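This is what each chain is made of:
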Amino acid sequence: VIGFLDESGIRNIARLETDRDKTAHEYAISLRQVIEFSGIAPEQVDGAILSSVVPPINGALVAAVRMITGIRPLVVGPGMKTGLNIRYENPRELGSDRIANAVAAYEEYGAPTIFIDFGTATTFGVVGEGGVFLGGCICPGVKLASEALVTGTAKLPRFELTKPEHVIGRTTLTNLQSGMYYGYVGLVKNIVRKIKQELGQEATVVATGGMAVMIAEESKVIDKLDGLLTLKGLRLIYERNKAEQARKEGI
């Protein structure tokens, strides 16, 4: 997911497929196309930050950004200033996307906050009072689970995940849609309930990611929808670390 930030905010959101086999030059071509399609000249870009949970492509992405803009992007990782107190047993295990989500959730919605990212995996994170990242849990994403259901069985067909009219389906297709959709609504409800029990207090629940709108339509536990949560977090992390980056590069 690519976004551009200027004084008007985050805009021109674009999505590119992650491909471990792409070279830096191939990513650079795609990136240039996205920049030019957005009406931005590469020389207008004066900063960049990258969050990746696919380590094999990090080098290619960093090189691609440098080819197009002449700038070495910040890469979210251990040692960066986040404004959070991360209570993970091994902070290096924590995905950079979850760090970005936690930073934005705390800045935008205060604490305690539960944030849910409906991506390839469905990830839950909890930020407590004082900006303490307490941890969370990870489940298979809705689309990933749907694909596993189809590929792991002999006769079930591929299906589009939409909200069915009834829980009791009368065809194989509506059975699949009902089980997956209402199953995930129940999953979200139960995990949020258990998290609040452990916290011992209420918390704002924020959802982001590709399936967030669909799940929130039925779920009563989601308070806020924020499709830009991860990009907002990256902006905040960039602002908190750009001075250090400039010092390292002798600017």
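To start, this report covers the structure provided alongside it.

What counts, and at which threshold
Residues numbered from 1 in each chain as written. Predicted model: local features only at pLDDT ≥ 70, side-chain atom pairs only at ≥ 80, totals over all residues. Heavy atoms only, no water. Pairing = 2+ DSSP bridges. Helix = DSSP H or I, 4+ residues; strand = E, 2+ residues; numbered from the N terminus. Expected span 1.5 Å × (residues − 1). Buried < 20%, exposed > 50% of the residue type's maximum accessible area, 1.4 Å probe, protein only. Contact = heavy atoms within 4.5 Å. Salt bridge = Lys/Arg side-chain N within 4 Å of Asp/Glu carboxyl O. Axes fitted to C-alpha atoms, helices over the stretch in contact; angles between N-to-C directions. Parallel < 35°, antiparallel > 145°, perpendicular 65-115°, else oblique. Left-handed = near helix turned anticlockwise from the far one by under 90°. Phe/Tyr/Trp six-rings, centres within 6.5 Å; stacked < 30°, edge-to-face > 60°. Lys NZ or Arg CZ within 6 Å of the ring centre and 35° of its normal.

Observations concerning the pairing of strand β2 (residues 9-14)
Logical step 1: As paired elements, strand β1 (residues 2-6) and β2 share four bridges and run antiparallel to each other. Looking across to β2, one finds that Leu 5 is bridged to Ile 10.

Some words on helix α2 (residues 58-69)
Logical step 1: Here α2 contains twelve residues, and its C-alpha end-to-end distance of 17 Å stays within 8% of the 16 Å for a straight helix at 1.5 Å per residue.
Logical step 2: Restricting attention to buried positions, one finds in α2 the residues Ala 60, Leu 61, Val 62, Ala 64, Val 65, Ile 68 and Thr 69.
Logical step 3: In the core, the buried residues of α2 are packed alongside α1 (24-37), β3 (49-50) and β4 (74-75).
Logical step 4: Directly beyond the C-terminal end of α2, a positive phi value near 80° is found at Gly 70.

Some words on the pattern of salt bridges
A side chain of one charge can pair with a side chain of the opposite charge if their charged atoms are brought near each other.
Logical step 1: Applying the stated rule across the entire model yields ten salt bridges.
Logical step 2: The partner of Lys 232 in a salt bridge is Glu 108, and the shortest N-O contact between them spans 3.4 Å. On the criterion of sequence distance, the pair formed by Lys 232 in helix α7 (residues 229-248) and Glu 108 in helix α3 (residues 96-109) is long-range, its members being 124 residues apart.
Logical step 3: A salt bridge links Glu 218 to Lys 163; the shortest N-O distance between them is 3.0 Å.

Considerations on the packing of α1 against α2
For any two helices packed against each other, one specifies the inter-axial angle together with the distance between the axes.
Logical step 1: Running from N to C, α1 and α2 cross one another at 50°; their axes reach a closest spacing of 8 Å. With respect to each other, α1 and α2 are oriented oblique. For α1 against α2, the interelement crossing comes out right-handed. Mapping the contact onto sequence places Ala 24, His 25, Tyr 27, Ala 28, Leu 31, Arg 32 and Ile 35 in α1 and Ala 60, Leu 61, Ala 63, Ala 64, Val 65, Met 67, Ile 68 and Thr 69 in α2.

Topic: the sheet that holds strand β5 (residues 85-86)
For sheets, the rule is that strands pair by backbone hydrogen bonds, running either parallel or antiparallel.
Logical step 1: Pairing is mixed in the open sheet, where six strands are placed in the order β5-β8-β7-β6-β9-β10. Each end of this open sheet is capped by a strand with a single partner; those strands are β5 and β10 (224-225).
Logical step 2: Bridging between strand β9 (residues 204-209) and β10 involves two bridges; their strand directions are parallel. If you follow Ala 207 over to β10, its bridge partner there is Leu 225.
Logical step 3: The sheet contacts of helix α5 (residues 172-199) involve β6 (113-118), β7 (121-128), β8 (132-140) and β9, and relative to β7 the element is tilted by about 20°.

Examining the environment of Tyr 184
Logical step 1: Turning to its location among the elements, Tyr 184 is positioned in helix α5.
Logical step 2: A residue is classified by how much of its surface remains accessible, and Tyr 184, at 7% relative accessible area, is buried.
Logical step 3: Measuring from C-alpha to C-alpha, the distance between Tyr 184 and Glu 217 comes to 12 Å, with 33 residues separating the pair along the chain.
Logical step 4: Discounting residues that sit within four places of it in the chain, Tyr 184 has contacts with Thr 122, Pro 140, Gly 141, Val 142, Ala 145 and Ile 215.

Focus: the pairing of β8
Logical step 1: In terms of strand pairing, β5 meets β8 through two bridges, oriented parallel. From the neighbouring strand, Asn 85 faces β8, where its bridge partner is Val 132.
Logical step 2: Hairpin connection, β7 to β8: the antiparallel pair is bridged by three residues, and Gly 130 has positive phi, about 80°.

A few points about the packing of aromatic side chains
The geometry of an aromatic ring pair comes down to the distance between the two centres and the angle between the two planes.
Logical step 1: In total, this model carries three aromatic pairs according to the counting rule given.
Logical step 2: Ring centres of Tyr 88 and Phe 133 lie 6.1 Å apart, and the angle between their planes is 50°; on these two criteria the pair is classed as tilted. With Tyr 88 in the loop between β5 and α3 and Phe 133 in strand β8, the pair connects residues that are 45 residues apart, well separated along the chain.
Logical step 3: Relative to Tyr 182, the ring of Tyr 181 has its centre 5.0 Å away and its plane inclined at 85°; by these criteria the two rings are edge-to-face. We note that Tyr 181, like Tyr 182, is buried.
Logical step 4: In textbook terms, an aromatic cluster arises when at least three aromatic residues are bridged by ring pairs, as seen for Tyr 88, Phe 115 and Phe 133.
Logical step 5: When the ring centre of Tyr 27 is taken as origin, the NZ or CZ atom of Lys 22, which lies over that ring, is 5.3 Å away.

These figures capture arrangement, not role.
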